[in-house]
Amino acid sequence: MSSSRLQRLVASSAIASFAFAVPAAAQKTVRGDVDRHLDRNLDRGDRGKGKKKRRRAVSHADTAPPQGPGPAPPAAAPPPAPERPDPYAGLPRRVFGRHLKLDPKAGLGYRGWYAQQYPNASVDLAGYPTWSVGARARLFSFLTLDRVAFESNGLSGPGRREASIAVEVGQRVPQAAWLLGQVGVPLDLVMIPIARYESRTFETTARPNRPVRIVPHATSADADLSTLPATTSPLRVTSAFETFIIGMKYVGSDRDPAGVIGAKGGKVPPFYVGLGYTAYSKPYVLNVGGITLEDYIFDGRFQGLGLASGLSTAQRVGRPYVDAAMQLGLGEIRLLRDYTINEELPGDWLLGYLQGEVTVGYLHPLTRTTPTLLLGVALTGGGATFFAFETRAEEGETVDAPPLNWDVLWGAHVHLTVPL
């Protein structure tokens, strides 16, 4: 072989070796550069691993052989049933604006009073039809009338009588009167101040089953009661009942203390706590745990001071509502003007009282006009009791709390309301 041919063969081999030794330099791509740049400059944490896993999964899917049809996909869940519209939405329809709401109402009812029975006289169950007027209101931003109402079967207003018991021959038309007012000041607070006053009078007849002596309230405690004449004539029995409460009322985040119809109700219903005073007069036979002083009927006076509380759920059309009030505290029973039962109690005994009432009602729209005419029904039950209780007891000894008096009150009402 000539030298020239040998030189050409060596040169061709060198060029081929060089071409095979550096193929990457001639095959650079944009994808490759971008990928290498990201690999050099991004953290090699979960993000990079996830990227590589996804790339391998895509590559495997692209190269995998075709497969037959797989299992059918699960059937789609049926769409949820649409919510039923509230048939009472938007009620009541009012005439005035948001800052002036007025709910006047008028109705008919039936009031009852079941007084404590006496062993020396039977007391008639007092029950009579009544008429009533009332209103709830929010007046702009400076006053709310949570409730104001008057109810009676006569034209005389409620109030204390000079005497709660009098001798009377023959029948008398029973009378009743009831007045309630609750006022709040709508401050921009969750708790607002309120004042509540309630007065009720009832009248019925007691018929002695043996001669009894009526003890006037002005009688001296040292008087000779044998000088009082005994009687078996029918007795007119009157009860005058009053409560007064001052306190703070929780109105929730909406800060709307008024009990107007349609007000929003939160998870916690509006409630109040405060100081309460109760006072009422009634004929009274001294009763200690069922043992009575049978020869006398006193013209008694009862009063108490204690903790008051109550709550009221929102009054909304088509939904029931509840209104409740209660007092619990220390009491006094005054048999005569200058003489009380408290004076005769042992040193470790006190008098207490419990008074309360619950109303359950419902509102139904008679029209859907502006304003909306609403028909309401309500049932009320409650009463009061005075009791003595022992403040100290020996070990193993039960604490006694014999009742000294009780009264049960109830009522049923039907009324029409026109929200304005």
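It should be emphasised that the depicted structure is a prediction, and the values quoted were computed from it without experimental measurement.

How each quantity is defined
- Residues numbered from 1 in each chain as written.
- Predicted model: local features only at pLDDT ≥ 70, side-chain atom pairs only at ≥ 80, totals over all residues.
- Heavy atoms only, no water.
- Helix = DSSP H or I, 4+ residues; strand = E, 2+ residues; numbered from the N terminus.
- Contact = heavy atoms within 4.5 Å.
- Areas by Shrake-Rupley, 256 points an atom, 1.4 Å probe, with all protein chains shown as cover.
- Core = buried A, V, L, I, M, F, W, Y, C linked by side-chain atoms within 4.5 Å.
- Buried < 20%, exposed > 50% of the residue type's maximum accessible area, 1.4 Å probe, protein only.
- Salt bridge = Lys/Arg side-chain N within 4 Å of Asp/Glu carboxyl O.
- Polar contact = N/O pair within 3.5 Å; in protein donor to acceptor, adjacent residues only side chain to side chain.
- Patch = residues over 30% accessible without salt bridge, like charges linked within 9 Å, V, L, I, M, F, W, Y side chains within 5 Å.
- 1 Å grid on protein atoms, 1.4 Å probe; cavity = no way out; pocket = protein on both sides within 12 Å on 5 of 7 lines; lining within 4 Å.
- Points joined across faces, edges and corners; volume = space filled by probe spheres on them.
- Pairing = 2+ DSSP bridges.
- Phe/Tyr/Trp six-rings, centres within 6.5 Å; stacked < 30°, edge-to-face > 60°.

**Regarding the overall build of the chain**
For the chain, the count of helices and strands is four helices and 19 strands. Nonlocal contacts in the chain, meaning residues at least 24 apart in sequence, comprise 72% of its contacts between residues at least 6 apart. When the accessible area of the chain is evaluated, it comes to approximately 24,200 Å², of which 62% is carbon and sulfur surface.

**What to know about the nonpolar core**
Tyr284, Ile333, Leu335 and Leu404 are the most contacted members of the largest nonpolar core, which has 19 residues in total. Of all elements in the fold, only strand 11 (271–284), strand 14 (296–312), strand 15 (320–336), strand 17 (349–365) and strand 18 (374–390) reach the threshold of two or more residues within this core. Beyond its immediate stretch of four places on either side in the chain, leucine 404 contacts Gln116, Tyr284, Asn287, Val288, Ile333, Ile341, Leu351, Phe386, Phe387 and Ala388. If you look at the next biggest cluster of nonpolar residues, it comprises 16 residues, including Ala121, Ala126, Val237 and Leu409.

**What about the side chain of threonine 340?**
Among the structural elements, threonine 340 can be located in strand 16 (residues 339–340). If we ignore the near neighbours within four places in the chain, the residues touching threonine 340 are Glu332, Ile333, Arg334 and Leu335.

**Description of the pattern of salt bridges**
Inspection of every chain in the model, using the stated rule, returns 10 salt bridges. Taking the shortest distance from any N to any O, the salt bridge between lysine 282 and aspartate 407 comes out at 3.2 Å. Taken together, the residues lysine 282 in strand 11 and aspartate 407 in strand 19 (residues 403–417) connect sequence positions 125 residues apart. Aspartate 407 matches lysine 282 in its accessibility class, with the two residues each being buried. Among the salt bridges present, the one from arginine 301 reaches aspartate 299, with a minimum N-O distance of 3.0 Å. For the pair shown, arginine 301 and aspartate 299 are each scored as buried. Several salt bridges share partner residues, and in doing so they unite Arg196, Glu198, Arg200 and Glu357 into one network.

**A short note on the side chain of threonine 417**
With respect to the helices, strands and loops of the structure, threonine 417 is situated in strand 19. A relative accessible area of 3% places threonine 417 in the buried class. A polar side-chain atom of threonine 417 sits 3.4 Å from a polar atom in the side chain of histidine 415. The residues touching threonine 417, leaving out its near neighbours within four places in the chain, are Asp103, Pro104, Lys105, Ile261, Thr372, Leu373 and Leu374.

**Regarding a nonpolar patch on the surface**
Together, Leu179, Tyr197, Phe244, Ile246, Leu275, Tyr277 and Leu305 line one region of the surface with nonpolar side chains, adding up to about 590 Å² of accessible area. For the nonpolar patch, the elements supplying multiple residues, two or more each, are strand 10 (235–250) and strand 11. On the secondary structure map, tyrosine 197 appears in strand 7 (residues 191–208).

**Concerning empty space enclosed by the protein**
One pass over the structure, following the stated rule, counts six cavities of 30 Å³ or more. One number sums up the size of the largest cavity: a volume of about 450 Å³. Surrounding the largest cavity, 29 residues form its lining, Lys105, Arg136, Arg147, Ala149 and Trp178 being those nearest its centre. For the lining of the largest cavity, the secondary structure elements donating two or more residues are strand 1 (100–115), strand 3 (126–139), strand 4 (143–152), strand 6 (176–184), strand 15, strand 17, strand 18 and strand 19.

**Thoughts on the pairing of strand 3**
Pairing between strand 1 and strand 3: 14 bridges, direction antiparallel. By the bridge assignment for strand 3, leucine 102 is matched with alanine 137.

**What about the packing of aromatic side chains?**
Note on aromatic pairs: each is described by the distance of the centres and the angle between the planes. Inspection of every chain in the model, using the stated rule, returns 13 aromatic pairs. Three or more aromatic residues link up through ring pairs in this structure, and these residues are Phe241, Tyr280, Tyr284, Phe302, Tyr353 and Phe386.

**Examining the pairing of strand 17**
Pairing of strand 15 with strand 17, which is carried by 11 bridges, proceeds in the antiparallel orientation. Bridging from a neighbouring strand, leucine 330 pairs with glycine 352 of strand 17. Both strand 17 and strand 18 contribute to a ladder of 17 bridges, which runs antiparallel. Within the sheet, the bridge partner assigned to tryptophan 349 lies in strand 18 and is glutamate 390.

**Looking at unusual backbone geometry**
In the segment running from threonine 370 into proline 371, the intervening peptide bond is cis, with an omega of 0°. Considering the arrangement of structural elements, one finds proline 371 in the loop between strand 17 and strand 18.

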